[in-house]
Amino acid sequence: MSDAVQTQSSNAAFTKRVFSGIQPSGDLHLGNYLGALKRFAGAQNQGIETVYCMVDQHAITVWQDPAELKRSTRELAAGFIASGIDPEKSILFNQSQVAEHAQLAWVFNCVARMGWMQRMTQWKDKAGKNSQNASLGLFAYPSLMAADILVYHATHVPVGEDQKQHLELTRDIAIKFNNDYGVEFFPVTEPVIEGAATRVMSLRDGTKKMSKSDPSDASRINMTDDADTIAKKIRKAKTDPEALPSEAKGLEERPDARNLVNIYAGLADMSVDEVLRDVGGKAFSEFKPMLADLAVAKLSPISTEMAHLMENQDEIDAILRKGADSARAIATPILEKTYDIIGMVR
Ligand code: AQP
């Protein structure tokens, strides 16, 4: 999609480093878990350097209640840790504590083009018909996201399918910067979007993604929902009257059914075909309780741990401060070098 010319063919010169972030803009849900958190822990446990961030500056691109933003940031940190992110192994912090993100974002605002931003589907979806009234920050969101990633020279970014377009824009910004200044300074980041549930859909509409901002709480499973609530939401999830097929292609025209099977596959670490080999031919009245049991078994230990961690908020704050110090140790020299490349006197 870009006006940038692709010249950099590999990231061979860069050490493999993973970066990803989540907005503290509401309650974490099953989409965030399967599309992001679960895979973040996977990358950490492969021994790769991992940097994970609560992107509070992204959250304020739409209005956030200040007290609620603080609570959500700490709860999100608890969600990361309860999902297996170990602050001793990964760098874990909130974005606003590392000023280099916003500083590099300004540079990228001057590299990225208005037309690139205007094409972003998230901008079109979130700003809607009222775009003149949307914040400038919401428009420039992908530029800050590029800075989040590139200020660490991150080479790999695990995200859900919904973030693919923003990552392509991150690549375009890196390529244009490198071309404009005749350097190979920023890596051309690889999106890591794999597995069965990289796009978890709404339980009320299998064509819409599960989202924190959906006004219907029944559309999503929150990570803090108790067992009864999870079972009730799955029981009420939209489906169709047919039994489950025994092969994935039988789900092609059945978005609601496909979503529930995808969720099962994501939670069980199975492929969709493996799930259908076991449950093909079953009615939803039989499959839904199986899915509810699996969801409760996987999510309950996480929500219990989150509640436990939230009892000691000072400890969470200390973890985030320490993580921010480690993040700055990587980001500061990269920003300094960027300033030098673009000709800022230091
Ligand atoms: N439905 C989803 N399926 C798979 N992955 C998802 N992610 C979000 N929703 C799904 C992944 O979670 C990570 C963090 O997302 P985010 O909170 O930073 O932003 P978002 O994508 O805008 O999430 P929401 O829930 O839709 O928030 P709102 O409603 O506030 O916009 C990303 O890796 C994302 O891919």
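A few points on the structure.

Rules used throughout
- Residues numbered from 1 in each chain as written.
- Predicted model: local features only at pLDDT ≥ 70, side-chain atom pairs only at ≥ 80, totals over all residues.
- Heavy atoms only, no water.
- Phe/Tyr/Trp six-rings, centres within 6.5 Å; stacked < 30°, edge-to-face > 60°.
- Helix = DSSP H or I, 4+ residues; strand = E, 2+ residues; numbered from the N terminus.
- Buried < 20%, exposed > 50% of the residue type's maximum accessible area, 1.4 Å probe, protein only.
- Near = heavy atom within 4 Å.
- Polar contact = N/O pair within 3.5 Å; in protein donor to acceptor, adjacent residues only side chain to side chain.
- Areas by Shrake-Rupley, 256 points an atom, 1.4 Å probe, with all protein chains shown as cover.
- 1 Å grid on protein atoms, 1.4 Å probe; cavity = no way out; pocket = protein on both sides within 12 Å on 5 of 7 lines; lining within 4 Å.
- Sits in = over half its atoms within 2 Å of the grid points.
- Expected span 1.5 Å × (residues − 1).
- Bend = angle between axes of the 7 residues up to and from the residue.
- Salt bridge = Lys/Arg side-chain N within 4 Å of Asp/Glu carboxyl O.

Let us look at the packing of aromatic side chains. Applying the stated rule across the entire model yields 13 aromatic pairs. Ring centres of Phe-40 and Tyr-52 lie 4.5 Å apart, and the angle between their planes is 10°; this geometry places the pair in the stacked category. Of this pair, Phe-40 sits in helix α1 (residues 30-44) while Tyr-52 sits in strand β2 (residues 49-54); the two residues are 12 residues apart in sequence, bridging distant segments of the chain. You'll find Phe-40 and Tyr-52 in the same group, each marked buried. Geometrically, the ring pair formed by Phe-284 and Phe-287 is edge-to-face, given 6.2 Å between the ring centres and 75° between the ring planes. Here the residue Phe-284 and the residue Phe-287 both occupy positions in helix α12 (residues 284-310), the gap between them amounting to 3 residues, near one helical turn. By relative accessible area, which is 6% here, Phe-284 ends up buried.

Moving on: the site of the ligand. Near the ligand there are 22 residues, and of these His-29, Asp-162, Ser-211, Lys-212 and Ser-213 occur at the shortest range. Contacts to the ligand include Lys-126, whose side-chain N or O atom sits 2.7 Å from an oxygen atom. Here Gln-163 contributes a side-chain N or O atom positioned 3.5 Å from an oxygen atom of the ligand. Contact with the protein chains hides 97% of the accessible area of the ligand, taken as 650 Å² for the molecule alone. Among the detected pockets, the ligand sits in the largest pocket. The set of elements that each furnish at least two residues to the shell around the ligand consists of β1 (17-22) and α1.

For helix α13 (residues 313-342), spanning 30 residues, the distance from its first C-alpha to its last is 41 Å, which sits close to the expected 44 Å at 1.5 Å a residue. Along α13, the sharpest kink reaches roughly 30°, centred on Arg-328. Remark: Gly-343 follows α13 within two positions and exhibits a positive phi of approximately 95°.

Below, the discussion takes up the pattern of salt bridges. Counted under the stated rule, the structure contains 22 salt bridges. In this structure, Arg-328 and Asp-325 form a salt bridge, with 2.9 Å as the shortest nitrogen-oxygen distance. Of this pair, Arg-328 and Asp-325 both sit in helix α13, 3 residues apart, which is roughly one turn of that helix. Bridged by salt links that share partners, the residues Asp-27, Glu-68, Arg-71 and Glu-75 form one connected network.

Geometric values such as these leave the question of function open.
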